[in-house]
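Structure at a glance
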Amino acid sequence: MNFIVLTIFPEMFDAFWAHGIIRRAIDQEKIVTSTINIRDYASGRHQMTDDRPYGGGSGMVMKPEPLAAGIRAAKRRAPFAKSILLTPQGRKFNQHTAQQLASWEELILVCGRYEGVDGRISHEFIDYEISIGDYVLTGGELAAMVVIEAVTRLIPGILGGEDSAKKDSFSDGLLEHDHYTRPRNFEGEEVPEVLLSGHHQEIEQWRLGSSVMRTLLKRPDLLQKKKLGEQEIEILKKWYREIEKLLNLHHREH
Ligand code: ADE
């Protein structure tokens, strides 16, 4: 995968490329990364990349010429690339979008700044607009990093276990199960017994239960959307019966 980032702050990416899974993916030649400084394509003595909005109003708008020239330069490096503008007005990014993007060979990520980019750039030079959430950042740089990281970890061979990404939260519509590591007893709380049993099938069963209940408690909206399997329904029924028992007990006492 070839990621090309257009930004007026290319230095923000130096540390990002140099650590963790991004670094590993670069070293293993699974991804190629580069930045294009939009300012390099700005003209005039001050190489301005923004200007006042037509029609008045507060804030500045990113000028079209440097962005267009930068995107054209990126397209010369990556002729089949899709270009993505990071903006709070874009389609909300999620695991499904990450999976779709992971299937492409080349991506150009355009980081907007100021109040936005000139409308003619979004109309003519951008294939997709992506938002990482309903909040406003000062620029698209952090959003581009979020997208690059989420996509990179889906590339086969990047994560330890070959199917680690498949078990991630969201990839099957559920949150991931609880995790435990040593020590067995931490400040009085024990690791669930079944995880020490070595009984593979029971462990898988426990993990599914943990996954379903975590999702119910933390993200019930996900369960509403998901088509539940037989086992998942059984788990919910089991807990439902437990809660019913508790309520009955309580009822009798009052
Ligand atoms: N730029 C500013 N805010 C953003 C957001 N929420 N998502 C993507 N890009 C942005």
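Residues numbered from 1 in each chain as written. Predicted model: local features only at pLDDT ≥ 70, side-chain atom pairs only at ≥ 80, totals over all residues. Heavy atoms only, no water.

Glancing now at the overall build of the chain. Looking only at helices and strands, one finds ten helices and nine strands in the chain. Computed over its C-alpha atoms, the radius of gyration of the chain comes to 24 Å, more than 25% above the 18 Å expected for a compact globule of 254 residues. Here the chain holds 254 residues, and 39% of them are scored as buried. For the chain, long-range pairs separated by at least 24 residues make up 75% of all intrachain contacts whose partners lie at least 6 apart in sequence. Roughly 16100 Å² of accessible area belongs to the chain as shown, and the carbon and sulfur atoms make up 52% of that amount. The positive charge centre, built from 33 side chains, and the negative charge centre, built from 37, are 2 Å apart in the chain. (Helix = DSSP H or I, 4+ residues; strand = E, 2+ residues; numbered from the N terminus. Rg over C-alpha atoms; globule rule 2.2 N^0.38 Å. Buried < 20%, exposed > 50% of the residue type's maximum accessible area, 1.4 Å probe, protein only. Contact = heavy atoms within 4.5 Å. Areas by Shrake-Rupley, 256 points an atom, 1.4 Å probe, with all protein chains shown as cover. Lys, Arg positive; Asp, Glu negative; His and termini not counted. Charge placed at Lys NZ, Arg CZ, Asp CG, Glu CD.)

The next subject is the site of the ligand. Near the ligand there are 13 residues, and of these T87, I132, G133, Y135 and L137 occur at the shortest range. In the environment of the ligand, a nitrogen atom lies 3.0 Å from a nitrogen or oxygen atom belonging to the backbone of I132. Backbone polar atom of Y135 to a nitrogen atom of the ligand: 2.8 Å apart, as the coordinates give it. Coverage of the ligand by the protein amounts to 97% of the 260 Å² it exposes when considered alone. (Near = heavy atom within 4 Å. Polar contact = N/O pair within 3.5 Å; in protein donor to acceptor, adjacent residues only side chain to side chain.)

Let us look at the environment of T49. For T49, the location among the structural elements is in the loop between β2 (32-37) and β3 (50-51). For T49, a relative accessible area of 1% corresponds to the buried category. For the pair formed by T49 and R113, sequence separation is 64 residues and the distance between their alpha carbons is 9.5 Å. With sequence-adjacent residues up to four places away left out, T49 is seen in contact with I8, I38, R39, A42, V61, M62, K63 and Y114.

Mapped onto the elements, A81 comes out in the loop between α3 (64-77) and β5 (82-92). Accessibility expressed as a relative area gives 6% for A81, which makes it buried. On a C-alpha basis, the gap between A81 and K226 in space is 33 Å, while along the polypeptide they are 145 residues apart. Here A81 is in contact with K75, E106, L107, I108 and D127, once residues within four sequence places are set aside.

Before going further, it helps to examine the packing of aromatic side chains. Taken as a whole and judged by the stated rule, the model has five aromatic pairs. Taken together, the aromatic side chains of F13, F16 and W17 make up a single cluster linked through ring pairs. In this arrangement the basic side chain of K82 is found over the ring face of W104, its NZ or CZ atom lying 5.8 Å from the centre. (Phe/Tyr/Trp six-rings, centres within 6.5 Å; stacked < 30°, edge-to-face > 60°. Lys NZ or Arg CZ within 6 Å of the ring centre and 35° of its normal.)

Glancing now at the packing of helix α8 (residues 200-218) against helix α10 (residues 230-253). Close contact between α8 and α10 brings their axes to 10 Å; oriented N to C, the two are set at 70°. Between α8 and α10, the angle falls in the class roughly perpendicular. At the point where α8 passes α10, the crossing takes the right-handed sense. Facing Q205, L208, G209, V212, M213 and L216 of α8, the residues of α10 in contact are Q231, E232, I235, L236 and W239. (Axes fitted to C-alpha atoms, helices over the stretch in contact; angles between N-to-C directions. Parallel < 35°, antiparallel > 145°, perpendicular 65-115°, else oblique. Left-handed = near helix turned anticlockwise from the far one by under 90°.)

Within the element layout of this structure, D118 appears in the loop between β6 (106-111) and α5 (119-124). In this structure D118 comes out as buried when scored by relative accessible area, which is 13%. In this structure the side chain of D118 is engaged in a polar contact, spanning 2.8 Å, whose partner is the side chain of R120.

Quick look at the side chain of S83 now. When you line up the elements, S83 lands in strand β5. A polar side-chain atom of S83 sits 2.6 Å from the main-chain carbonyl oxygen of F125. Leave out the neighbours within four places in its chain, and S83 touches K75, I108, F125, I126, D127 and Y128.

Attention now moves to the domain arrangement of the chain. Entries for the chain in the domain assignment read domain 1 (2-152) and domain 2 (185-253). Look at where the C-alpha atoms of domain 1 and domain 2 centre, and you get two points 42 Å apart. (Domains from an automatic or database assignment.)

In this section: the environment of Q89. Checked against the element boundaries, Q89 lands in strand β5. Note: C-alpha distance between Q89 and R72 (17 residues apart in sequence) is 23 Å.

Taken together, five strands build an open sheet; the order of strands is β2-β1-β6-β5-β7 and the sheet is parallel. The outermost strands of the open sheet, each flanked by one partner alone, are β2 and β7 (128-131). The average angle at which neighbouring strand axes cross in this sheet is 30°, direction not considered. Where strand β1 (residues 2-7) meets β6, five bridges bridge the pair, whose relative direction is parallel. Counted as the bridge partner of N2 is E106 from β6. In the packing of α3 onto the sheet, contacts are made with β1, β2, β5 and β6, and the angle to β1 comes to roughly 165°. (Pairing = 2+ DSSP bridges.)

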